[in-house]
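# Summary of the model geometry
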Amino acid sequence: VIGQLVTGLSGWMEWPFRGGYLVLALLLFRLVWGFVGGRWSRFASFAHSPAALANYLRGRAHPDQLVGHTPLGALSVFALLALLTAQVATGLVSDDEISASGPLTRFVSSATVSLASAWHAVPGKWILLALVVLHVLAIAFYALVRRQHLVGPMVSGDKLLTHPAEASHDTAGSRLAALVIFGACAGFAYWISTLRP
């Protein structure tokens, strides 16, 4: 996301397109993995109710809500996914009317291209950046104040817990499935890239 912002502001328009296709592949993978991935990767494991969020904020979270994404962290994840989806979708149909246009612009009306371009270039970019910064600050807060390191468990998939919890499904087969799913998502993103005029 930071690379997208830097290259876009610098005017190196070929790089935001390349990065956008990578973001598309990663985003598609995460959306699919949210339904078929391991126990704590699935959206169902962290789609919390408003009551669960209120209890978490009062310090009365259910222990299982502390294994994967907390109720507040889940809101951030869903917001990031929604905004990334909006940025990728609008980028695919945007046109700067100078040198760059998204690969799907010819399939939508000029009014849609104008709306998408306006959202993608200004509010979408800055709202997404603000949410990314907030997400990183929250991770830093957990590390420095609460002494809970979140990045290691995100990368390794292992977290030291104070209570027993259901293990996530992590086998050679599930990792191979993840690789195949990501390959399909990357292939789809590549195919989209070939549609550029």
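Conventions we followed
- Residues numbered from 1 in each chain as written.
- Predicted model: local features only at pLDDT ≥ 70, side-chain atom pairs only at ≥ 80, totals over all residues.
- Heavy atoms only, no water.
- Helix = DSSP H or I, 4+ residues; strand = E, 2+ residues; numbered from the N terminus.
- Buried < 20%, exposed > 50% of the residue type's maximum accessible area, 1.4 Å probe, protein only.
- Expected span 1.5 Å × (residues − 1).
- Contact = heavy atoms within 4.5 Å.
- Patch = residues over 30% accessible without salt bridge, like charges linked within 9 Å, V, L, I, M, F, W, Y side chains within 5 Å.
- Areas by Shrake-Rupley, 256 points an atom, 1.4 Å probe, with all protein chains shown as cover.
- Salt bridge = Lys/Arg side-chain N within 4 Å of Asp/Glu carboxyl O.
- Polar contact = N/O pair within 3.5 Å; in protein donor to acceptor, adjacent residues only side chain to side chain.
- pLDDT = per-residue confidence, 0-100.
- Phe/Tyr/Trp six-rings, centres within 6.5 Å; stacked < 30°, edge-to-face > 60°.
- Arc of directions from axis to C-beta.

## A few points about the overall build of the chain
When its secondary structure is counted, the chain shows nine helices and zero strands. Starting at the N terminus and walking to the C terminus, you meet the elements of the chain as α-α-α-α-α-α-α-α-α. For the C-alpha atoms alone, the extent of the chain along its principal axes is close to 55 × 35 × 30 Å. Looking at the chain residue by residue over its 197 residues, the buried ones come to 33%.

## Quick notes on helix α2 (residues 14–36)
Look at α2: 33 Å from first C-alpha to last across 23 residues, which is about the 33 Å you get at 1.5 Å a residue. When we look at burial in α2, the residues that qualify are Pro16, Phe17, Gly19, Gly20, Tyr21, Val23, Leu24, Ala25, Leu27, Phe29, Trp33 and Gly34. Its buried side turned inward, α2 meets α1 (2–10), α3 (43–46), α5 (71–92) and α9 (172–193).

## Let's talk about a nonpolar patch on the surface
Residues Leu9, Val122 and Trp126 make up a contiguous nonpolar surface patch of about 310 Å² in total accessible area. With respect to the secondary-structure elements, Leu9 resides in helix α1.

## Examining the side chain of Ser45
Along the chain, Ser45 falls in helix α3. Given the relative accessible area of 13%, Ser45 is considered buried. In this structure the side chain of Ser45 is engaged in a polar contact, spanning 2.8 Å, whose partner is the backbone oxygen of Arg42. Excluding its chain neighbours within four sequence positions, the residues that come into contact with Ser45 are Arg39 and Trp40.

## With respect to the environment of Ser101
Relative to the elements of secondary structure, Ser101 occurs in the loop between α5 and α6 (110–121). On the basis of relative accessible area, Ser101 is assigned to the buried category, the value being 17%.

## Quick look at the confidence of the model for the chain
For the chain, per-residue confidence averages 86 on the pLDDT scale, and residues scoring 70 or more make up 98% of the total. The secondary-structure element of the chain with the lowest mean pLDDT is α1, recorded at 75, while α9 shows the highest, at 95.

## Let's talk about the packing of aromatic side chains
Within this structure, the stated rule accounts for eight aromatic pairs. A centroid spacing of 5.3 Å and a plane angle of 85° characterise the contact between Phe35 and Phe43, whose relative ring orientation is edge-to-face. Exposure remark for Phe43: the relative accessible area of 11% places this residue in the buried category. Among the aromatic residues, ring-to-ring pairing joins Phe35, Phe43, Phe46 and Phe78 into one connected group.

## Quick look at helix α4 (residues 50–57)
Every buried residue of α4 is accounted for by Ala52, Leu53 and Tyr56. In an axial view of α4, the angular spread of the buried residues amounts to 100°, which keeps them on one side of the axis. Contacts made by the buried residues of α4 are with α5 and α7 (123–144). Looking one or two residues past α4, Gly59 carries a phi angle of roughly 85°, positive in sign.

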